[in-house]
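# Tertiary structure, described
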Amino acid sequence: MKFAVVVFPGSNCDHDTYHVAKDVLGQEADLIWHKDMRLGRPDVVILPGGFAHGDYLRTGAIARFSPIMQEVSKFAAAGGPVIGICNGFQVLLEAGLLPGAMLRNRSLQFRCEFLHVKVEQTDTPFTLASRAGQILRLPIAHGDGNYYAEPDVLARLERNRQVIFRYVSASGDVTDEANPNGSLNNIAGICNEARNVVGLMPHPERACELAIGSADGMAVFESILKWGRESFNEDTLTTMTASSATVLNK
Amino acid sequence: MTPDPITDSVLARHGVTRDEYDRIVGMLGREPNLTELGIFSVMWSEHCSYKSSRVHLKTLPTTGPRVLQGPGENAGAVDIGDGLAAVFKIESHNHPSFIEPYQGAATGVGGIIRDIFTMGARPIALLNSLRFGPLDEALVRRTMSGVVSGIGGYGNSIGIPTVGGEIGFDRSYTGNPLVNVFCLGIARADEIIKGTASGVGNAVYYVGAKTGRDGIHGATMASAEFDDTLNEKRPAVQVGDPFMEKLLLEACLEVMKTDALVGIQDMGAAGLTCSTCEMGSRGGAGVEIDVSRVPQRETGMTPYEIMLSESQERMLLVVKKGREAEVEQIFDKWDLHAVHIGEVTSDGRLRVKNHGEVVADIPNRALTDEAPMYRRPVSKPAYLESAQQLDIAQFGPPPSPRDVFRRLLASPGIASKRWVYRQYDHMVRTNTLLLPGMGAAAVRVKGTSRGLAMSVDCNGRFVYLDPYLGAQLAVAEASRNVACAGGLPIGATNCLNFGNPEKPEIMWQFGRAVEGMGAACRALDIPITGGNVSLYNETDGRGVLPTPVIGVVGLIEHADRVVGRAFRSEGDVVVLLGETRNELGGSEFLHVVHDQIRGVPPQLDLAREAALQRLLVEGARAGVIRSAHDCAEGGVAVTLAECCFDTALGIDVNLVAVTEAPAEYRDVAPLFSESASRVVVSVAPGQAATLLSMAAAAGVPAKQIGQVRGHRIAIAVEGRPGINELVSDAERIWATAIESWFEQRRAIA
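Residues numbered from 1 in each chain as written. Chains lettered and ligands numbered in written order. Predicted model: local features only at pLDDT ≥ 70, side-chain atom pairs only at ≥ 80, totals over all residues.

A few words on the overall build of chain A. Looking only at helices and strands, chain A has six helices and 11 strands in total. Rg of the C-alpha trace for chain A: 17 Å, near the compact-globule value of 18 Å for 250 residues, within the 12% margin. Counting only C-alpha atoms, chain A reaches 45 × 40 × 35 Å along its principal axes. Restricting the contact set of chain A to residue pairs at least 6 apart, pairs at least 24 apart contribute 76%. (Helix = DSSP H or I, 4+ residues; strand = E, 2+ residues; numbered from the N terminus. Rg over C-alpha atoms; globule rule 2.2 N^0.38 Å. Contact = placed C-beta atoms within 7 Å.)

Counting its secondary structure elements, chain B contains 26 helices and 28 strands. Taking 749 residues into account, the globule formula puts the C-alpha radius of gyration at 27 Å, and chain B, at 26 Å, falls close to it. Judged by the C-alpha coordinates and their principal axes, chain B covers about 85 × 55 × 50 Å. Going through the 749 residues of chain B one by one, you find that 62% of them count as buried. Put simply, 84% of the contacts in chain B that link residues at least 6 apart link residues at least 24 apart. (Buried ≥ 20, exposed ≤ 12 C-beta atoms within 10 Å, placed from the backbone.)

What follows covers the pairing of strand E4 (residues 82-85) of chain A. All names here are of chain A. Of the two faces of E4, the one carrying Val 82 and Gly 84 and the one carrying Ile 83 and Ile 85 are both buried. Read as a crossover between parallel neighbours, the route from strand E3 (residues 44-47) over helix H2 (residues 68-77) to E4 is right-handed. Where E4 lies against strand E11 (residues 197-200), four bridges are found, and the strand directions are parallel. Its bridge partner being in E11, Ile 83 is matched across the sheet by Val 198. (Right-handed = clockwise from strand over helix to strand, strands pointing away. Pairing = 2+ DSSP bridges.)

With that out of the way, let us pick up the nonpolar core. All names here are of chain B. Counting 321 residues, the largest nonpolar core has Ala 86, Val 87, Leu 184, Ala 442, Leu 452 and Leu 640 as the members making the most contacts within it. With 10 residues, helix H19 (residues 467-484) is the single largest residue contributor to this core. Look past the residues within four positions of Leu 452 in its chain and what remains in contact with it is Ile 80, Ala 86, Leu 184, Ala 442, Val 443, Val 445, Gly 487, Val 553, Gly 554, Leu 555 and Ile 556. (Core = buried A, V, L, I, M, F, W, Y, C linked by C-beta atoms within 7 Å.)

With that settled, the discussion passes to the sheet that holds strand E26 (residues 702-708) of chain B. Residue and element names in this part refer to chain B. Reading across the sheet, the seven strands line up as E23-E25-E22-E26-E24-E27-E28 and stay open at both edges, with mixed pairing between neighbours. Bordering the open sheet on either side are strand E23 (625-630) and strand E28 (720-726), each of which pairs with just one other strand. Taken pair by pair, the neighbouring strands of this sheet meet at an average axis angle of 20°, ignoring direction. Taken together, the five bridges between E23 and strand E25 (residues 679-683) define a ladder with antiparallel strand orientation. Across the sheet, the residue bridging to His 629 is Val 680, located in E25. Sitting on the sheet, H19 is in contact with E23 and E25, with an inclination near 165° to E23. (Axes fitted to C-alpha atoms, helices over the stretch in contact; angles between N-to-C directions.)

Moving on: the sheet that holds E11 of chain A. All names here are of chain A. A sheet is described by the order of its strands in space; here nine strands give the open sequence E2-E1-E3-E4-E11-E10-E9-E6-E7, paired in mixed fashion. Single-partner strands in this sheet number two, and they are strand E2 (28-33) and strand E7 (135-142). The mean angle between the axes of side-by-side strands here comes to 25°, regardless of whether they run parallel or antiparallel. Here strand E6 (residues 111-119) runs beside strand E9 (residues 163-168); their pairing, made up of four bridges, is antiparallel. When the sheet's bridge partners are listed, His 116 is paired in E9 with Val 168. Of the strands in this sheet, strand E1 (2-7), E2, E3, E4 and E11 touch H2, which is tilted by about 130° from E4.

Moving on, we get to helix H23 (residues 635-645) of chain B. Because the α-helix completes a turn every 3.6 residues, residues three or four places apart line up on one side. In terms of residue burial, H23 of chain B counts as a mostly covered element, since 10 of its 11 residues are buried. Buried within H23 of chain B we find Gly 635, Val 636, Ala 637, Val 638, Leu 640, Ala 641, Glu 642, Cys 643, Cys 644 and Phe 645 of chain B.

Here the focus is the interface of chain B and chain A. At the interface, 27 residues of chain B touch 23 residues of chain A. Counting residues per element, the ones that place at least two in the side of chain B that touches chain A are helix H8 (138-158), helix H10 (242-257) and strand E14 (432-434) of chain B. Examining the composition of the side of chain B that touches chain A, we find that four residues originate from one element, H8 of chain B, more than from any other. Considered class by class, the residues forming the side of chain B that touches chain A number 10 nonpolar, nine polar and eight charged. (Nonpolar A, V, L, I, M, F, W, Y, C, P; charged D, E, K, R; others polar.)

This part covers the pairing of E26 of chain B. Residues and elements named next belong to chain B. Examined bridge by bridge, strand E22 (residues 573-577) and E26 share five bridges and lie antiparallel to one another. Residue pairing across strands places Val 575 opposite Gln 704, the latter belonging to E26. With three bridges connecting them, strand E24 (residues 651-655) and E26 associate as antiparallel partners. Paired with Val 653 across the strands is Gly 706, a residue of E26.

Attention now moves to the environment of Leu 249 of chain B. All names here are of chain B. Residue placement: Leu 249 occurs in helix H10. Overall, Leu 249 belongs to the buried group, with 25 C-beta atoms counted inside 10 Å. Considering only alpha carbons, one finds Leu 249 and Glu 674, 425 residues apart in sequence, at a separation of 43 Å. Every residue in contact with Leu 249, bar those within four places of it in the chain, is listed here: Phe 117 and Ile 158.

Attention now moves to the packing of helix H20 (residues 504-524) of chain B against helix H22 (residues 606-621) of chain B. Residue and element names in this part refer to chain B. It is at 9 Å that the axes of H20 and H22 come closest, and there the two elements cross at 45°. With respect to H22, the axis of H20 lies oblique. Like other packed secondary-structure pairs, H20 and H22 cross with a definite hand, here right-handed. Contacts from Ala 520, Ala 523 and Leu 524 in H20 reach Leu 606, Glu 609 and Ala 610 in H22. Considered class by class, the residues forming the contact of H20 with H22 number five nonpolar, no polar and one charged. (Parallel < 35°, antiparallel > 145°, perpendicular 65-115°, else oblique. Left-handed = near helix turned anticlockwise from the far one by under 90°.)

Bringing the packing of H10 of chain B against helix H13 (residues 324-333) of chain B into the picture now. Two measures define how a pair of helices packs: the angle their axes make with one another and the distance between the axes. All names here are of chain B. As a packed pair, H10 and H13 sit with axes 9 Å apart at the nearest point and diverge in direction by 150°. It follows from the interaxial angle that H10 and H13 lie roughly antiparallel. Between H10 and H13 the crossing geometry is right-handed. Contacts between H10 and H13 pair Ala 251, Glu 254 and Val 255 from the former with Val 327, Ile 330 and Phe 331 from the latter. For the contact of H10 with H13, the class distribution of residues is five nonpolar, no polar and one charged.

Attention shifts here to the environment of Pro 548 of chain B. Position of Pro 548 of chain B among the secondary structure elements: in strand E21 (residues 547-556). For Pro 548 of chain B, a count of 25 C-beta atoms within 10 Å puts it in the buried group.

The next point concerns unusual backbone geometry. One non-glycine residue, Asp 55 of chain A, adopts positive backbone phi at about 55°. The buried category is assigned to Asp 55 of chain A, around which 22 C-beta atoms lie within 10 Å. The backbone phi angle of Ala 270 of chain B is positive, close to 65°, even though this residue is not glycine. With respect to the secondary-structure elements, Ala 270 of chain B resides in the loop between strand E8 (261-266) and helix H11 (271-283).

Residue-level pLDDT values for chain B average 94, and 96% of them are 70 or greater. Among the prediction metrics, the complex's ipTM stands at 0.93, with pTM recorded as 0.95. (pLDDT = per-residue confidence, 0-100.)

This part takes up the confidence of the model for chain A. On average, residues of chain A score 92 in pLDDT, and 93% of them reach the 70 mark or higher. pLDDT under 50 marks residues 235-250 of chain A. Its contacts with residues more than four places away, or in other chains, come to 27 contacts.

What follows deals with the environment of Val 428 of chain B. The residue Val 428 of chain B is located in the loop between helix H17 (418-421) and E14 in this model. The spacing of Val 428 of chain B and Pro 377 of chain B is 51 residues in sequence and 48 Å in space, taken between C-alpha atoms. For Val 428 of chain B, the contacting residues outside a window of four places in its chain are Asn 12, Cys 13, Asp 16 and Ala 141 of chain A together with Gly 159 and Pro 161 of chain B.

Structure below.
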């Protein structure tokens, strides 16, 4: 498969995401500069974490005007899978590709820690290989991850099963203590109505190798590969070989 | 040039003495104008010239087979194999962080990051060493909150993980916190770039943020004590823009991949002045610039102000003649303006023009190598003799071990720093092998099988009680921490935080500490490749505890064999390496129980320390050691507890009594004594004999003291009950102690 990782000037998880696609999964990957007008015919687009344009104004508020976002929107409208991680999620909200907004964490502090999220829905390209209710141990690292949506929007999200990930306790309970930032309904990630665009605050790309603490994030990336296998003729895909699995400790 | 009247009050305002002024006149062969005086004043400030410290620093060991770059450049570099170099340095931002904690700390982070990428290295790890006053003071909590969010605000945004560090608390830091930031980057060993200007006619470029009036005389401020005019000094603190620095970082690394670059230096302390004359001086060349071409964010700035501004996120580049367009194109991609402000000349002078008119003309070497150097008078401090007296028996019988244990766990110096490090992105770049709070920091080096362990340490109480020994203990502790993780110590950087060097007693502390640090580094074979000196850490005439922080870098051969401090599984055997003596001098025990800094610090046998560290590295490499944790503040009891916390495993341990201690302390010293060169390790049951024989062969005392078992921290002394606590109870005390100071405040507000 071919991954396109969009690089805004203040992206800082671009290399990490690229590393997972290329070195851990053994797939093709391109870093796409935000001023570019072409995505380069990828199978999946990732908007990585970071501080796209410094984000002094509002997270992702300027990124939506980057030239590449028109291409990302077109790609998403055509049904292409797009995932925004952390700042990428914030950019998707600002660009209107996902509903809602991010507020400052209720602690008013940046939070970086491992925590648990539950996979709520498995019918997206990014959760296809997960079990419903599967609990993933993933890190978060953000100051503005407090998800907010108007009551009617929130109700629609829940009704349409668009809440994809929720913050939970280690045993899987949706509790206030398990909510690191004050997000409504413990929301950690959502999808659009067409279910091909997903945004989440936790960092699956930081949890793809046991050497750095967790490989639970592979659930997201393996889903993309599975989605690819099911969507295309398998022969056209770079297969994930045994050798790419041994890259784990590199 | 119109001569400006240089009066005594003008000199005083610039922190230039009459003798220094006479020296300036001698060097120039004429009176300087005000711009020139300003330039001299910042370059000859303590902060830039190291005029009080240089005679001592010259004695430190700085060479070794792995050293690729020693002191004198923007950062040091050591060879880590695979054609790669670790480029690292530590720097202080103490004074600005007290005046304006958030920006002071943030710009400290920004400054050290620039020093690293300036060398052609991609920064991959940040650590910090912080000191604050006691947390029961609101001012201290405000300072600490601001410093922590400033460090996070900058590092998180630019995307360099803050992977570790240390924090200490003492009354002496209340009005003068210490904020020392360490950064490490990776470069190709044959592509290290220097801060040199050479090649007559090559272009001098200014890149980055525009120049404003912020930070004028920052370097001079950092070279003076604080007094009640503090608030007036706020304009001397700069404001950081991590996004701008991120652009600079990426663009500079891209420019460095071309061979169009001759040299590069960041504009840190003393801004444009320092970068121009230092680059010229290193390259034996002259530099001529016209300040009217410097991008300015305010109107009406004078050449004096432009030369002395310490606006952040600015770089000075020397570009090969004819290659300018190539370089400009890269900066343009990152929306940065690279402005051609001058040329390299052959006459070795810094010539500053304003719209073509010369406003300053000074030999570069007069500002750098020929800056004054003082051998300041030293005298042994009067406090030492009485402070070193400790008759533990005079304090009466000790409180119960359980009580002491709980108080130690709640002591901010020992308690969990989670409240701090969870505000730092410590995982970005996906190299973090050990999470913060798990011993040394450790990161993998992508593209290789190796890892790097890092630790910054200093126990200011020990240095206060014996500067020579205390500094040695700091080196021993930092390198021991690195060795615990499985890292072979290969290089170090130091940040020497002391009081006013014009006081002979402070200068004596400084001199002795540098001697001790040098001796320890020589014995442990760790070259110091650079660092920073921060003097005048005093408020209203009271100095901080002398705090020579050392940052040690260790090479882990196999990153997948990195060793953390947490016990791994039930049934593992616990071994104490090293010997426990009756050493409560300067201990956390005395500090917490009796509010005393007293006695002599623990003895240190450097040969034995070296043997211990070799054993740790070998044990990790062989996969024998499953966990390792250095015994420091709080002694074995606290060390064992910390090993239990992450995995919630208990222990059942029996220690040997310390017979040399007074009767009532024979069972207390084994728990809380802070004897050096000790490490708690755990091994799989079948490996205990292997470890003990490795230790015997290495000449390291080793004793099997118990097992990982159950859910209690059970520590006996010669079979007599000492401490027996549920891991979860002990952990709660330890985990919430610092947090509660801050959360409590929020609840009231």
